[in-house]
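# Close look at the chain arrangement
Residue-level listing of the chains:
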Amino acid sequence: GVGAFGPVAQTKMAHEVAVIDTGVANTASILAVLKRTGAKPFLTIDAAVIASAEKVVLPGVGAFGPAVDFLNAKGLFAPLKERIANNKSTLCICLGFQLLAETSEENPGYRGLGVLPVSVVRLPAEVRVPQQGWNKVAADPRCKILQSGFAYFSNSFCYRSTPAGWHSCETQHGIPFVSAVERGNVVATQFHPELSGTLGHGIIKRWLAANNPTVSATKPSNLCRRVIPCLDVADGRVVKGIKFQELRDAGDPVEQAVRYEAQGADELVMLDISATPDGRSTTLDVVRRLREHISMPLTVGGGVRALEDAGRLLTAGADKVAVNTAAVTRPDLLSEISAQYGAQCTVLAIDAVRSAEQGKWEVVVKSGKERTGLDVVEWAKQGVARGAGEILLTSFDQDGTRAGYDCALLKAVSSAVPVPVIASGGASNSTHLREALEAGADAVLAASIFHYNDTTVEELKSDLSKALFPVRTSGYFGADRASDKFIAASNFQTFIPTVAVLDGRAAGFTHNGVEITDISEALRILSIAGEVAIAVNDDSHSTRAAVFSALKIAPCRVYSMYSDYAKTYLDAGATMILVRYPKLSSWSELPRDRLCAVLDVARGEGGAWFYSNTPVAAVIAEMSRMFGSVLINFDREPIDLPALRRWASACDPAFHLGVTSQLAGPADIAACDRICVLPYLNYSTVNEAVLADAFTAPLTTDRPDGLWPTIVVDETNHVLGLAYSSVASMREALITRRGVYQSRTRGLWRKGDTSGAHQDLIAIRVDCDRDCLAFVVRQHGSGFCHRDCYSCFGPASGLPALLKTLYDRRTSAPEGSYTRKLYTDTQLLASKLIEEAIELSEAVAPDHIAEEAADLLYFTFVACSKAGVNLSSVERVLDARSLKVSRRPGNPKRGSVANRLEKMAVSLRSWDRPSAPSMVSTLQALPTQGLRLVVAADIPALHRDPVDPAARTVAEAILNDVKLQGATALLNHALRLGDLKEGEKLVLLPADLKVAFDALAPPLQEMLTRTAGRIRAFAELQKGSVNDSATMAILGGAAGQTVAPVEVAGCYAPGGRYPLPSSVLMGAVTARVAGVKTVWVASPRPHPIVLAAAHVAGVDGLLAAGGAQAIAAFTYGAGEVPVCDAIVGPGNKFVTAAKSLIAGSVAIDMLAGPSECLVVADETADPAVVAADLLAQAEHDVAARAILVSTSLDLIAKVNEEIKTQLETLPTADTARVAIERNSFAVHVKTLPAAADIANRLAPEHLELHVIDAEASSSLFHHYGALFVGHHAAEVLGDYGAGPNHTLPTGGTARSYGGLSVHTFRRMRTWLRVDDLEAARPLVADAQTLAECEGLHAHARAAARRLPGHP
């Protein structure tokens, strides 16, 4: 289809995944995750389908024996074993993993699939069983699909050993056990990948894409303690009160759940508190909605009275069910659920109140309204005996009070049962959570402190981590798009500070209450964070100059709505261009990963977000075709984290998402960082506390003291040592811009306060896991180490050591020493630099090259240290050059360099370097930048064979292929050669073109319409210059001619480096004026403005293909593309070759070669204008020619100076420079007639007359494609729609051909009629005689038979 910005890319064919419907599996979670990955899952128990399916998932919760019975009853044993034996893509989860074994201690006597020669054993009694929660997975490095990380477990049994021939993962819970295996395309996991966030989702994605041949006192475990938000739901809304009374609305359950998941919640509990009192079933719709939006484990309770109720909840998307009142009423319900679905799915929820007896608690039901008389501890033990795998223990006395958990209750219950215990009721801070865990809880549950934003999950987990409780602190669910990598490369920076520039000054930027207008000072403050975003608010020269200056100071991203300067900014070192209005200009020529589309979004109906009336998700998908990232601007709206998470999750891992809002703060930075979204912070008011909070917001640590390890490096990344940082030390370091750290014993450590070896703080970096910092410093004094050494890891070496030594010797070298001479004798240093450069150029052997390079580097760094240039400055220049998108041709320079070398030849010879003069001579012989001066006798001919032999061979093969196979071959070649992507439309019809036109900004629409009107008017003039018919009398009758258009025309518009809508208009509008009934356009990778131009021209269709394949389609027809009678338009060498091959059967306009322009100028011409016109021609192509013929030598010199000056700022300078230096030239003549002789001999495509009385002089010039008369008639005006066509003859063929016109599409057809044979007798007799002279006797007889009286 076509979106607001052009054709919408179609996704590749999704994988179909058969999920075995065991009836006892948490299939809703699996189906939801598979759908999010783009797969097409479906439930089945059909043995034939399972045998033949592309991919199969065998899930499972429950017991080993019943599952074996099920597989046998459905006839699934054989197809599953055959699949795995044949390496067919299969994923087995949890119980499905255990079913691969031979036997299991869970149900002795049952035999599994026997694929793995192992037995399943029970986890040891010394740890919590079932293992319920997150644990570490350590993968064998040889695994291709499995990886290390945190995974969610819910199991009581396990494997102890890895089967031969399989690669595995290991996990510790009382004992080390095998938590997953893989072999080829078969993967089996004991944990639940569908519930395991980043790790699990990455495993599922890799499996889909694969095509490969609680801690025991005595037994260790890496099982994490869990933090679980709870949603008490009534009538579909989250509510909260005290002891379930005075309930208040706390929001939408889905929105809350998404927010908690982004914060790092380990699980979610949803309790329908209205179900039991009112006798209603749990709201299944809320469960389904939750499962659609979250991936973390979900426990649901409320209204579960029967086994069927539990089944419905699990089918809807729950992973566990909690039973409270119904279990008390009928305890066998626990046994039934556990037997059917497994203990890991069965949660006993207990509401407890203190009893009159000290140290005892009584069970209450129906939201605390009824006492049961049951002792809580005894009921918990009985529930576990009946099959409960987890206890959700709520203190009704504490619930909603925020006074802390009932730790005595927790200790009593957790010490009495072997299963995990979840603490609930009364939490308000991390101290309460820590007390509950110390009392024996395996997980802690809270509600109101999360609902009302008192704290966040990650803040609580950070505090627990500092208290040495094992918690999962990374790999949150929101980051699943990063495919097991925490963040992409651009997100090694946790935030991007932004500064605006207006009229060359920083705008609205205040630091510590002082307004800062100097952009360099603003960058000094902000660049400590790394890259800075510069918002360009106007197009003034001073602003552009300020941006270029800024790019030399710090790495910057540049906001710009002006595409003209984008490439120049990138060449100057901008790391990225942030495009404010991405649909207004063409950006296809620039590297995708260096472009970011800025979307100013707004809420629409229903609260959804839109950009220009299009849903944001659709715009992001559209932008990903041209841009490597998108920046969402919420402006004055708060950041919508759930929306960002959805958009980020849908993005390809290589596509990045950023966000900005004027309301953003540290909490937003942390939340965005967890879901791989990069915040841009609009700091209008900055102080060091703000920066410190921004830096530390996303950081984590597992240290008890809460400090962050800090690696200290110098500007060349040489490691100086290890220190530690805190929020306080960060603030002090930012205030003083010095190296300030947090001593583990003495408080703040200000490096250098006593030793004098202080540090200038250059930058602060954060590592990818967010648990370590790097301080980049400029080290002074003896060094970082307390032993007066530069580094704690030993002395500096290599280039940093050399430069440091030279800096020291700059002032300390003894008078008369060689080093002192190098610093004081400029001629000596220059001579040594040249000498060593020559020796390096002559070296051949590797050792010799290394030695000469070392010599040259030594003298190079003498020059650097002499000028105060350090190594980091050199590296910064190299880094900036690596960011250039324009590549220099690399030609040696002559000019000033050669002159300086010549002056130094004497010095070089005094050092006995005889090779120096030859080197100087070589440089002098190289071409000069600008037009070389030639004499008239040496002028090269413009004629070049337009058909490349190699291209002709390729084109011929493609033409034959399309001729024989039609549309199939056309599509194959278009995809192979990059004309379009898989799934994109090959043919676009008028409705598609109108969509593209409507999506353009009105100014662009109006411009295209005006241009087409001018072209149409000139074409009408051409058409009127030749009558449609003419008649004359002949002997015995009449003869005449008619002029008629061809019926079908194909107009080619190149794709090239830039979109060319003007070529579309020049061809298609002219064809329409000529009267052609059916007009098609072909253009590869058509830009939206090309599609819009085709709409304005009124074409009947557009073929999104180019090269020889497009010419073939127009010649022979292909699918919807008709056979054409005429094919016109310029193209690359393959288009030209193809046109040359079909010219005999289809009308063509010409065989176009490289473009050319000849300017004839006298002393009245403006050198700047002439230079601009020549460069306008040169930027077309490196093979283009720009020629100046002038009666003034002074003008030629000034034009060359202008060319050099204008090339310095021309975005297309790399192309233009090659064309100028390689193909172009200037000729000095004495008279204008002499200039005309040269022009007539060359017959250029474009001829400009910049002479006095140009109109009168134009009569001297006879051969050209188009003539531009006078100083103001720029060739570019002809290119862009003044009226005359810009498709013109090249290579001197203007002596024989004219340009594209209405006559190209019109045919001269003659006719004659004989009414009176007698009167025509002389004509017939002459015809008979001529035929006989030529020996064509049948011709003669045919004429004779017209004569009267012929027998």
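For clarity, every value in this text was computed on a predicted model and none was experimentally measured. (Residues numbered from 1 in each chain as written. Predicted model: local features only at pLDDT ≥ 70, side-chain atom pairs only at ≥ 80, totals over all residues. Heavy atoms only, no water.)

The six strands are arranged β48-β59-β58-β57-β60-β61 in an open sheet whose pairing can be described as parallel. At either margin of the open sheet sits one strand with a lone partner, and together these are β48 (932-934) and β61 (1266-1269). Strand-to-strand twist of the sheet, defined as the mean angle between neighbouring strand axes without regard to direction, takes the value 20°. Relative to strand β59 (residues 1225-1228), β48 runs parallel, the two being bridged by three bridges. Counted as the bridge partner of V934 is V1227 from β59. On top of the sheet, helix α45 (residues 1232-1242) reaches β57 (1156-1161), β58 (1185-1190), β59 and β60 (1246-1250); it is set at about 170° to β57, its chief contact. (Pairing = 2+ DSSP bridges. Helix = DSSP H or I, 4+ residues; strand = E, 2+ residues; numbered from the N terminus. Axes fitted to C-alpha atoms, helices over the stretch in contact; angles between N-to-C directions. Contact = heavy atoms within 4.5 Å.)

Right, let's talk about a nonpolar patch on the surface for a bit. On the surface, I711, V719, L722 and F793 cluster together into a nonpolar patch covering about 380 Å² of accessible area. Tracing the backbone shows L722 in strand β43 (residues 719-725). You can call L722 partly exposed: its relative accessible area is 49%. (Patch = residues over 30% accessible without salt bridge, like charges linked within 9 Å, V, L, I, M, F, W, Y side chains within 5 Å. Areas by Shrake-Rupley, 256 points an atom, 1.4 Å probe, with all protein chains shown as cover. Salt bridge = Lys/Arg side-chain N within 4 Å of Asp/Glu carboxyl O. Buried < 20%, exposed > 50% of the residue type's maximum accessible area, 1.4 Å probe, protein only.)

Next up on the list: empty space enclosed by the protein. Here the second largest cavity is characterised by a volume of approximately 60 Å³. Taken together, ten residues line the second largest cavity, and the ones lying closest to its centre are S154, H192, L195, D319 and K320. Of the residues in the lining of the second largest cavity, the class split is four nonpolar, four polar and two charged. (1 Å grid on protein atoms, 1.4 Å probe; cavity = no way out; pocket = protein on both sides within 12 Å on 5 of 7 lines; lining within 4 Å. Points joined across faces, edges and corners; volume = space filled by probe spheres on them. Nonpolar A, V, L, I, M, F, W, Y, C, P; charged D, E, K, R; others polar.)

Here the focus is the pattern of salt bridges. One pass over the structure, following the stated rule, counts 40 salt bridges. D252 is paired through a salt bridge with R289; the nearest N and O atoms lie 3.2 Å apart. With D252 in the loop between β17 (245-251) and α7 (253-263) and R289 in helix α9 (residues 284-293), this pair connects stretches of sequence that are 37 residues apart. Overall, the relative accessible area of 14% leaves D252 in the buried class. One salt bridge in this structure joins R557 and E531, with 2.6 Å as the shortest N-O distance. Placement of the pair is R557 in strand β32 (residues 556-560) and E531 in the loop between α18 (519-526) and β31 (532-536), with a sequence separation of 26 residues. On the accessibility criterion, R557 (4% relative accessible area) is buried.

On to the pairing of strand β34 (residues 595-600), then. Burial runs high along β34: five of the six residues are buried. Here strand β33 (residues 576-579) runs beside β34; their pairing, made up of three bridges, is parallel. Residue pairing in the sheet places V579 in a bridge with A597 of β34.

A word on the packing of aromatic side chains. A full pass over the atoms with the stated rule returns 13 aromatic pairs. Look at W609 and F634: their rings are 4.7 Å apart centre to centre, the planes differ by 70°, and that puts the pair in the edge-to-face class. Taken together, the positions of W609 in strand β36 (residues 609-611) and F634 in strand β38 (residues 629-635) put the pair 25 residues apart, joining distant regions of the chain. The class for W609 is buried, based on a relative accessible area of 5%. (Phe/Tyr/Trp six-rings, centres within 6.5 Å; stacked < 30°, edge-to-face > 60°.)

This paragraph deals with the packing of helix α28 (residues 826-842) against helix α29 (residues 846-867). One can describe the packing of α28 onto α29 by two numbers: an axis separation of 9 Å at closest approach and a directional angle of 155°. It follows that α28 is roughly antiparallel to α29 by the angle criterion. Seen along the crossing, α28 lies across α29 with a hand that is left-handed. Residues T826, L829, K832, L833, E836, A837, E839 and L840 of α28 lie in contact with α29, whose contacting residues are I849, E852, A853, D855, L856, F859, T860, V862, A863 and K866. For the contact of α28 with α29, the residue count by class is ten nonpolar, two polar and six charged. (Parallel < 35°, antiparallel > 145°, perpendicular 65-115°, else oblique. Left-handed = near helix turned anticlockwise from the far one by under 90°.)

Quick look at the nonpolar core now. If you look at the biggest cluster of nonpolar residues, it comprises 84 residues, and the most contacted ones within it are I620, I632, L644 and W647. Contact partners of W647, with chain neighbours within four places excluded, come to W609, V616, A617, I620, I632, F634 and L657. V254, M296, V365 and A380 belong to the second largest nonpolar core, which has 72 residues in total. (Core = buried A, V, L, I, M, F, W, Y, C linked by side-chain atoms within 4.5 Å.)

With mixed pairing, six strands are arranged side by side in an open sheet as β49-β54-β53-β52-β55-β56. The open sheet has two edge strands, β49 (987-988) and β56 (1147-1148), and neither has a second partner. As paired elements, strand β52 (residues 1048-1052) and strand β55 (residues 1126-1128) share three bridges and run parallel to each other. Residue G1050 lies in a different strand from β55, and its bridge partner there is I1127. Here helix α38 (residues 1061-1074) sits on the sheet and contacts β52 and β53 (1078-1082); the angle it forms with β53, its principal contact strand, is near 170°.

Bringing the environment of I1127 into the picture now. Relative to the elements of secondary structure, I1127 occurs in strand β55. Here I1127 falls in the buried class, since its relative accessible area comes to 0%. Sequence separation of I1127 and L231 is 896 residues, and the distance between their C-alpha atoms is 69 Å. Apart from residues no more than four positions distant in its own chain, I1127 is found in contact with G1050, I1111, F1114, T1115, K1139, I1142, V1146, A1147, I1148 and D1149.

For residues besides glycine, phi is generally negative; the peptide bonds are generally trans as well. The step from V129 to P130 runs through a cis peptide bond, and the omega angle for that step is 5°. Note that P130 resides in the loop between β8 (119-122) and β9 (131-139). Look at S612: it is not a glycine, yet its phi comes out positive at around 50°. Notably, R1085 is not glycine yet its phi reads approximately 45°, a positive angle. Mapping R1085 onto the fold places it in the loop between β53 and α39 (1088-1097). When its relative accessible area of 46% is taken as the criterion, R1085 is described as partly exposed.

All right, on to helix α15 (residues 430-438) then. By the burial criterion, the buried members of α15 are S430, H432, L433, A436 and L437. Across the axial projection of α15, the buried residues extend over an arc of 160°, all falling on one side. Just beyond α15, the residue with positive phi is G440, at close to 120°. (Arc of directions from axis to C-beta.)

Fair warning: the whole summary comes from geometry, so function is off the table for now.
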